[in-house]
Amino acid sequence: MIDTLARTDLTGWTLRATRGPVPDALTAPLLTDGVPGTVPGTSHTILLDAGLIEDPYLGAAEERLAWMRHTAWRLSTPLTLAPADDEERIDLLFEGVDTVAEIRLGDLVLGRTANMHRSHRYDVRALADGVERELTVDLEPARAAGEAEAARIGARPAAYPNPINMVRKMACSFGWDWGPDLETAGLWKPVRVERWRTARLERVRPVVTVADDHRWATVVVHVDVERSGLASADDRPLAVSAVLDGASGTVRATATLAPHAVTATLTLEVTDPVLWWPVGYGEPTLHGVEVVLADGEVTLDRWEHRIGLRSVVVDTTPDEHGTPFTFVINGRPVFAKGANWIPDDHLLTRITRDRLARRVDQALGANLNLLRVWGGGIYESDDFYDVCDERGVLVWQDFLLACAAYPEEEPHRSEFEAEARENVVRLMPHPSLVLWNGGNENLWGFMDWRWQEELDGATWGWGYYSELFPAVVHDLDPSRPYAAGSPYSPGAAPWERHPNDPDHGTHHEWEVWNRVDYTAYRADVPRFCSEFGFQGPPTWATLERAVRPADGAWRQDDPVWLLHQKADEGNAKLSSGMAPHLGVPEEFDTWAWAAQLNQARAVQYAVDHYRSWWPRTAGAIVWQLNDCWPVTSWSAVDGDERLKPLWFALRHSFADRVVSVHERDGRLVAALVNDTDAAWTGTLEGSRTTLAGSRLASAAVTVDVAPRSVTIVPLGADLASPSDAAREVLVLECGDERVVHPFAEDVDLDLDPAPLVASVRTVGDVLEVTVAATSLARGVTLLVDRVFPDAVVDDGVVDLPAGTRHTFRVRGAEPGRAAELLDPGVLRTANEVVAAHRGVARVR
């Protein structure tokens, strides 16, 4: 068959400044000559590529580039459109304009945009005459546009002073408590010319249903067609065909579109389907679907996608504890081991599929099975979803509203509906997508952040969460669940039941970090904790590259450090958070390590608690997996893609099988978590010893932990009751799983400041560092980036009882410098932090 649709990307553009501040050094290129650049691109990336501005991520460059927030820009490119024949349409498609713009071709204004989260298509057939014209996009500063809109309709409360809720731009583009304020402007997605004849596929929606017994699946393919409206094209019938192909075999269906008809439905029936499963439950099997629109022997358009045959519901059936929030995939309840996801680079056009694959693989390496795409960022790319589809990673996608009251007046409501419909249709084929969520912390904000007084009856977004978004999902993606927000108590308006009630639905725990010690995590048993976390600095190599003080003197009050620490009173919270557990060392290097270790400890403490309450608690989504630039934040992976100690703590606490220690009803118990399909049978062995390893008491019990369950084992008084809490420790082991439980905080333990004997050897392309503990060693970690910035180590934050050893494997280091891995600044422990707090020198 002959294909008639032709697409041409427009990639070469010229950037100019048209209004606003421009540094003297850039006056000629920006105001006169113009700067050649590539689209997708923004003012920042084009000027960076041309070497005309400094990297905004380095040092204090963010402040020096603040002028760009207030500048108006023009992107232009010459365009010649060859004449069309009688039945040919010619469209200009802008997949994403950032953000407030007027688009012109020659003297004709094609349209105006104010929403970066949707595309814009213009029929330019009338200008297809072979004459060269300038295609121009004039971009206004988004901040000014938002402020003008707030003046027009009345401001609405928000967590930040910039007008994040007045313009449909990525909210964190205006800065966040972990991100820079750059306020990009440009064409952040492709621009192309599309020439097509007769008709094109406007929307394709495959809706998947799987039988409860898994014996059959149905894919109902809904097809919407746009006809050209030219000559006699609308008068002819058209053919639509759909083919599903893959492990379940090949299934075909066809339909005929009568003249002038623009919709068709094709049903693909699959017997004995091979299902798509999340990681840890089976293979994420994908099937290809191809939809073809034809006019006789001529192919007019083609849509190709991979889908998964799977079902998903969220169980919110009330029970004796309140209202659960449990993902059920193919009939099986799943504990969500998750992390919140932000845009992986603040400069969005630099994000590649390879970069996304690396980040999702790091999530898998930390034993995660779910990523929540947070509502202050973007509707993630198809590349992101493809990577998650292939790996079996579940995705929760927020609609893009975060920490603010959003107006429902026009044109806001229409823009929200347009972006919601477009992105629901775009993303619904992806099996990894398991939830549409109304937004982030907006219901909570309405109830607790004094918004109601400020709103004084003005609209704030409830119509979106309760009416618009659920209607769009029901209409376009009926097989997927929808939640009104996070946090959210299902089935109730926020004034009827508090949206952050831990007993109902999703819960955000931010008293820890902001106000109370991390031991308070265990005060509640939430049904599903969709945000919690603790801050920690990035790795040292990242600090050295991007955050180094101008005078080279590392200190907490350095202006560069503070520019890369966005949290309110962040340094003070880091110090107060570590004080009860590790003390607060004065020297910056040790303080930074202590902050990283305390971050890891705090989050692991929470995860162990949440998992021990399965199935009452059905998910834990840590804030956050990734960073968008080099910064002190809540992330497990820093802005240079390096693993922080938190990542290793997540890998330990989200492992398939875990032993942890808890206090229940006034006594110590062991929780054995088995998140596998096989029973966990073995012997739980416990010992109470001195820190130097002398055994004081021991016990053993046979355990049989059923698949996907938790067993609680009470611990006897001999194990659980120390005679000297500062000098004793409890160690529990079951097979390969071990937990070390001191009876006091590290700062109160009589820890040896130098508890390790270490050696290193080369094995092929790996350096093996073996450490042996002569006394209890807490939080043993190799900070390999301090000497080898590109090296990676396989483990970290390891507790070693006296008489035990552990081998760390390092890749990417220079064998000739192997001994540097034993340097005191590289091989770190909690013991040394406590010693530094006490002013005790360590000797190794």
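These notes cover the structure that comes with them. (Residues numbered from 1 in each chain as written. Predicted model: local features only at pLDDT ≥ 70, side-chain atom pairs only at ≥ 80, totals over all residues. Heavy atoms only, no water.)

Strand order in the open sheet formed by four strands is β38-β37-β40-β41, and the pairing between neighbours is antiparallel. In the strand order of this sheet, the two ends are held by β38 (695-705) and β41 (737-742), each with one partner. In this sheet, neighbouring strand axes are inclined to one another by 15° on average, regardless of whether the strands run parallel or antiparallel. Taken together, the six bridges between strand β40 (residues 728-734) and β41 define a ladder with antiparallel strand orientation. (Pairing = 2+ DSSP bridges. Helix = DSSP H or I, 4+ residues; strand = E, 2+ residues; numbered from the N terminus. Axes fitted to C-alpha atoms, helices over the stretch in contact; angles between N-to-C directions.)

So, on to the side chain of R372. Summarising the element assignment, R372 is placed in strand β28 (residues 370-373). In this structure the side chain of R372 is engaged in a polar contact, spanning 2.9 Å, whose partner is the side chain of N440. (Polar contact = N/O pair within 3.5 Å; in protein donor to acceptor, adjacent residues only side chain to side chain.)

For A818, the location among the structural elements is in the loop between β47 (805-811) and β48 (827-828). Its relative accessible area of 10% is what places A818 among the buried residues. C-alpha separation for the pair A818 and R642, spaced 176 residues apart in sequence, amounts to 20 Å. Those residues in contact with A818 that lie beyond four places of it in its chain are V760 and L767. (Buried < 20%, exposed > 50% of the residue type's maximum accessible area, 1.4 Å probe, protein only. Contact = heavy atoms within 4.5 Å.)

What follows deals with the packing of aromatic side chains. For any pair of aromatic rings, geometry is given as the distance between the ring centres together with the angle between the planes. Following the criterion strictly, the structure yields 47 aromatic pairs and no others. On the numbers, 5.6 Å between centres and 80° between planes, the contact of W374 with W623 is edge-to-face. Here W623 lies in the loop between β34 (619-622) and α16 (645-653) and W374 lies in the loop between β28 and α6 (382-391), a separation of 249 residues in the sequence. The pair W374 / W623 is uniform in exposure class, with both members buried. The positively charged end of R611 is found above the aromatic ring belonging to F335, 6.0 Å away from the centroid. (Phe/Tyr/Trp six-rings, centres within 6.5 Å; stacked < 30°, edge-to-face > 60°. Lys NZ or Arg CZ within 6 Å of the ring centre and 35° of its normal.)

This next bit is on the sheet that holds β47. One open sheet holds the four strands; their spatial order is β42-β43-β47-β45, and the pairing between them is antiparallel. Only two strands of the sheet have a single neighbouring strand rather than two, namely β42 (756-763) and β45 (792-793). Bridge count between β42 and strand β43 (residues 766-773): eight bridges; the pairing is antiparallel. Paired with S759 across the strands is T770, a residue of β43.

As a further point, take the packing of helix α7 (residues 412-427) against helix α10 (residues 462-476). In contact at an axis separation of 10 Å, α7 and α10 are set at 35° when each is read in the N-to-C sense. Relative to α10, the crossing made by α7 is right-handed. Along its contact with α7, which presents H412, R413, F416, E417, A420, R421, V424 and V425, the element α10 presents Y464, L468, F469, V472, D475 and L476. Looking at the contact of α7 with α10, its residues break down into nine nonpolar, one polar and four charged. (Left-handed = near helix turned anticlockwise from the far one by under 90°. Nonpolar A, V, L, I, M, F, W, Y, C, P; charged D, E, K, R; others polar.)

Attention now moves to the pairing of strand β36 (residues 667-674). Across a regular strand the side chains alternate sides, sitting on one face of the sheet and then on the other. Counting buried positions along β36 gives seven out of eight residues, so the element sits mostly inside the fold. Bridge analysis of strand β35 (residues 657-664) against β36 gives eight bridges, and the strand direction is antiparallel. Of the residues in β36, the one forming a bridge with R657 is N674. What sits between β35 and β36 in their antiparallel hairpin is a turn of two residues, with D665 showing a positive phi close to 55°.

Leaving glycine out, the prevailing phi sign among residues is negative, and the prevailing peptide bond configuration is trans. Along the chain, D98 connects to T99 via a cis peptide bond; the corresponding omega equals -5°. Residue placement: T99 occurs in the loop between β8 (97-98) and β9 (100-105). With an omega of 10°, the peptide bond between W623 and Q624 qualifies as cis. By secondary structure assignment, the location of Q624 is in the loop between β34 and α16. With phi around 50°, D456 is a residue other than glycine that occupies positive phi space. The topology assignment puts D456 in the loop between α9 (451-455) and α10. Of note in the backbone geometry, E641 takes a positive phi value of approximately 75° without being a glycine. Note that E641 resides in the loop between β34 and α16.

By the element assignment, L5 lies in the loop between β1 (2-3) and β2 (6-9). Under the relative-accessibility criterion, L5 is labelled buried at 19%.

Per the stated rule, a full pass over the model turns up four cavities of 30 Å³ or more. Taken as a whole, the largest cavity encloses approximately 80 Å³ of empty space. Looking at the largest cavity, the residues that line it are P206, V208, I307, G308, R310, M428, P429, H430, P431, D477, S479 and R480. Of the voids in this model, the second largest cavity is the one considered here, and its volume is about 60 Å³. F335, R611, W614, V673, N674, D675, R708, S709 and V710 together form the lining of the second largest cavity. Of all the secondary structure elements, the ones that give two or more residues to the lining of the second largest cavity are β36 and β39 (709-714). Of the residues that constitute the lining of the second largest cavity, the class distribution is four nonpolar, two polar and three charged. (1 Å grid on protein atoms, 1.4 Å probe; cavity = no way out; pocket = protein on both sides within 12 Å on 5 of 7 lines; lining within 4 Å. Points joined across faces, edges and corners; volume = space filled by probe spheres on them.)

This part is about the state of the cysteines. Applying the stated rule across the entire model yields zero disulfides. Cysteine C388 remains unbridged, with the sulfur of C172 as its closest cysteine sulfur at 18 Å. (Disulfide = S-S within 2.5 Å.)

Counting 238 residues, the largest nonpolar core has F94 and L371 as its most contacted members. Among the elements that line this core, the one with the most residues is helix α15 (residues 588-612), at 13 residues. Apart from residues no more than four positions distant in its own chain, L371 is found in contact with A339, W341, V360, A363, F384, C388, V393, L394, V395, W396 and L625. One finds V661, V703, V705 and L730 within the second-largest nonpolar core, a separate group that totals 18 residues. (Core = buried A, V, L, I, M, F, W, Y, C linked by side-chain atoms within 4.5 Å.)

Looking now at the pairing of strand β17 (residues 199-210). Among the twelve residues of β17, nine are classified as buried, and the element is accordingly described as predominantly covered. When β17 meets strand β18 (residues 216-227), the two strands line up antiparallel, connected through eleven bridges. Along β18, the bridge assignment pairs T209 with T218. In textbook terms, the turn of a hairpin is the stretch between consecutive antiparallel strands, and for β17 and β18 this stretch comprises five residues, one of which, H214, has a positive phi near 65°.

Mapped onto the elements, D640 comes out in the loop between β34 and α16. A distance of 3.3 Å separates the side chain of D640 from the side chain of R642, its partner in a polar contact. Each residue touching D640, except ones within four places of it in the same chain, is listed here: T542, R545 and P630.

As a packed pair, helix α14 (residues 570-582) and α15 sit with axes 9 Å apart at the nearest point and diverge in direction by 75°. Classed by the angle they form, the pair α14 and α15 counts as roughly perpendicular. Residues N571, L574, S575, G577, M578, H581 and L582 of α14 lie in contact with α15, whose contacting residues are W591, A594, A595, L597, N598 and R601. Of the residues belonging to the contact of α14 with α15, the class tally is seven nonpolar, five polar and one charged. (Parallel < 35°, antiparallel > 145°, perpendicular 65-115°, else oblique.)

As enumerated under the stated definition, the model contains 83 salt bridges in all. Across the pair E140 and R19 runs a salt bridge, and its minimum N-O distance is 2.3 Å. Taken together, the residues E140 in strand β12 (residues 132-140) and R19 in strand β3 (residues 12-19) connect sequence positions 121 residues apart. One salt bridge in this structure joins D91 and R121, with 2.9 Å as the shortest N-O distance. Separated by 30 residues along the polypeptide, D91 in strand β7 (residues 88-94) and R121 in strand β11 (residues 120-123) bring together distant segments of the chain. (Salt bridge = Lys/Arg side-chain N within 4 Å of Asp/Glu carboxyl O.)

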